[in-house]
Amino acid sequence: MNILLIDIDSMIPNLALMKISAYHKSRGDNVGFSVSDPDIIYASVIFRQNKHLVDGLSFFYPNAEIVIGGVGYDMQTKLPAEIERIRPDYTLYPDMDYSLGYTSRGCPNSCYFCVIPQTEGKHQRWQHPSEWHNPDFKKARILDPNWYADPDWFFETSQWFMDRDIAIDVSQGFDIRRITPGIAYQIKKLKFWKPIHFAWDDEKDEVKIMRGIEILKNMGMKNELRHSTLFYVYCHDPDQHESALYRCRKLKEMDVGAFVMYNIDIPKTQEIIDLQRWANRPWIYWSIDYDEYRRRREVK
C-alpha cells in the first residue's frame, strides 16, 4: 500500500506521523511525505487556524482513505494502541538528531487555557525512554506535560538519561509549583541542550513561584537561572497585559529570564507585541525596563 503523510504545521518533527510511518513500514508499505497515488493519507493539524488547509484533500485524492488528526483538527482522535506504543521512525525526518517521546501523559492541573486535560486526561506513566530513544542519538526531547507530577517515575526516567550521558530538552517545561529540593537537585544534575523551562501562568501563584525559585537557588542554580533558564509567562488576551508585565518584572527582580507566550486565537494589540519584543529578546530584557523600551520605540 502507498501511505502519504502530510505534516501541516508542526513546529518540530511530528511524533504521531513518525509512529504511523514506523507501523506501516513494519507491514511493508511505501510511506513518506511525497508518495504518489496514495491508498491512505494521514494528515496532522496542530493549530486550529490551519484546519482549513486539509479541506481539499478528498477532492485531490478521491480514491484514498483520509485520516486527519491533531489537536488543531480534532482533540478526540487518538492513535490505535499498536501504533501509539511503537518506536518512532526517525528516518522520516533525515536531519533529526534527537529522540522524541513521552515518559508520561496528562496533567494533574486544570489550567483554563490548556487542552491537555481534554486530550490526555490526568497524569499517568506512559513509556520508558528506552522504548522510544534512538541509541544513535545523544540528545532527546521530552514532551511530558508535567514530568515530575509522579516524582518516583521522574527520578527513574531522568536517571536513565543521566546514566547514558544523554542531553535533554523538556519542551513543555517543568511545574515550578511542585518542585522540591530533591527534584531541584536532580534537575541540576541533568544535561540540557536547550534552555530549562518553567512557567508562571497565573499571578495568583506568585508565592509558589517565588518559593520554587528560592529552592533552585538554594540548590546552586543561581547562575543557571540567569543564563540558561526561561519562565514561560502566559498572556491569554490583551486584558492580561498588565498581569503578564508584572510577572516579567518580578522574574527579572529574581534574576530570572522570561518568555511571553500569547493565545494565538486572539489578535495581538501593539502593547502585547511590544511586551513580547521586550521580554523575549534577552539583550533588551536585561538592559532596560519595558516602559523605557516603549518610550524609545515611540521616539523612533
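Residues numbered from 1 in each chain as written. Predicted model: local features only at pLDDT ≥ 70, side-chain atom pairs only at ≥ 80, totals over all residues. Heavy atoms only, no water.

**A short note on the sheet that holds strand β3 (residues 40-44)**
For step 1, the next point in the chain: The parallel open sheet is built from four strands, whose spatial order is β2-β1-β3-β4. Each having just a single partner strand, β2 (30-32) and β4 (65-69) make up the two edges of the open sheet. Strand after strand, the sheet turns through a mean of 15° between neighbouring axes, direction not considered.
For step 2, the next point in the chain: In the sheet, strand β1 (residues 2-7) pairs with β3 via five bridges, with the strands oriented parallel. Bridged to leucine 5 within β3 is tyrosine 42.
For step 3, the next point in the chain: Each of β1, β2 and β3 touches helix α1 (residues 15-26); the most contacted strand, β1, lies at about 170° to it. (Pairing = 2+ DSSP bridges. Helix = DSSP H or I, 4+ residues; strand = E, 2+ residues; numbered from the N terminus. Axes fitted to C-alpha atoms, helices over the stretch in contact; angles between N-to-C directions. Contact = heavy atoms within 4.5 Å.)

**Here we look at the pattern of salt bridges**
For step 1, the next point in the chain: The final tally for this structure, using the stated rule, is 23 salt bridges.
For step 2, the next point in the chain: The residue glutamate 253 makes a salt bridge to lysine 250 at a minimum N-O spacing of 3.6 Å. Of this pair, glutamate 253 and lysine 250 both sit in helix α9 (residues 241-253), three residues apart, roughly one helical turn.
For step 3, the next point in the chain: According to the relative accessible area criterion, lysine 250 is partly exposed, its value standing at 21%.
For step 4, the next point in the chain: Each of Asp175, Arg177, Arg178, Lys204 and Asp205 takes part in salt bridges that share partners, so that together they form one network. (Salt bridge = Lys/Arg side-chain N within 4 Å of Asp/Glu carboxyl O. Buried < 20%, exposed > 50% of the residue type's maximum accessible area, 1.4 Å probe, protein only.)

**Regarding the pairing of strand β8 (residues 139-142)**
For step 1, the next point in the chain: Pairing of strand β5 (residues 99-101) with β8 involves three bridges; the strand directions are parallel. Bridge pairing links glycine 101 to isoleucine 142 in β8.
For step 2, the next point in the chain: Inspection of the sheet shows β8 paired to strand β9 (residues 167-170) by four bridges, in the parallel sense. Residue pairing in the sheet places lysine 139 in a bridge with alanine 167 of β9.
For step 3, the next point in the chain: As for the winding sense of the linkage, the β-α-β connection from β8 through helix α5 (residues 151-163) to β9 is right-handed. (Right-handed = clockwise from strand over helix to strand, strands pointing away.)

**Things to note about the side chain of arginine 294**
For step 1, the next point in the chain: Along the chain, arginine 294 falls in helix α12 (residues 290-299).
For step 2, the next point in the chain: Look at arginine 294 and you get buried, because its relative accessible area is 19%.
For step 3, the next point in the chain: Setting aside anything within four residues of it in sequence, one finds arginine 294 in contact with Gln270, Glu271 and Asp274.

**Points about the environment of aspartate 97**
For step 1, the next point in the chain: Following the sequence through the fold, aspartate 97 ends up in the loop between α3 (81-84) and β5.
For step 2, the next point in the chain: With 82 residues separating them in the primary sequence, aspartate 97 and isoleucine 179 have C-alpha atoms 30 Å apart.
For step 3, the next point in the chain: The contact partners of aspartate 97, leaving out residues within four places of it in the chain, are Phe137 and Lys139.
For step 4, the next point in the chain: Engagement of the side chain of aspartate 97 in a polar contact is seen with the side chain of lysine 139, the distance being 3.2 Å. (Polar contact = N/O pair within 3.5 Å; in protein donor to acceptor, adjacent residues only side chain to side chain.)

**Overview of the packing of α9 against helix α10 (residues 270-279)**
For step 1, the next point in the chain: In contact at an axis separation of 11 Å, α9 and α10 are set at 15° when each is read in the N-to-C sense. Put simply, α9 runs roughly parallel to α10. Viewed along their axes, α9 and α10 form a crossing whose handedness is left-handed. On α10, the residues that touch His241, Ala244, Leu245, Cys248, Arg249 and Lys252 of α9 are Glu271, Ile272, Leu275, Trp278 and Ala279.
For step 2, the next point in the chain: Of the residues in the contact of α9 with α10, the class split is seven nonpolar, one polar and three charged. (Parallel < 35°, antiparallel > 145°, perpendicular 65-115°, else oblique. Left-handed = near helix turned anticlockwise from the far one by under 90°. Nonpolar A, V, L, I, M, F, W, Y, C, P; charged D, E, K, R; others polar.)

**A look at the nonpolar core**
For step 1, the next point in the chain: Ile179, Phe198 and Trp278 are the most contacted members of the largest nonpolar core, which totals 70 residues.
For step 2, the next point in the chain: Once residues within four sequence positions are removed from consideration, phenylalanine 198 is found in contact with Tyr148, Phe174, Ile176, Ile179, Ile187, Leu216, Thr229, Leu230, Phe231 and Tyr232.
For step 3, the next point in the chain: By size, the runner-up hydrophobic cluster in this structure holds 10 residues, among which are Val35, Ile41, Ala43 and Leu57. (Core = buried A, V, L, I, M, F, W, Y, C linked by side-chain atoms within 4.5 Å.)

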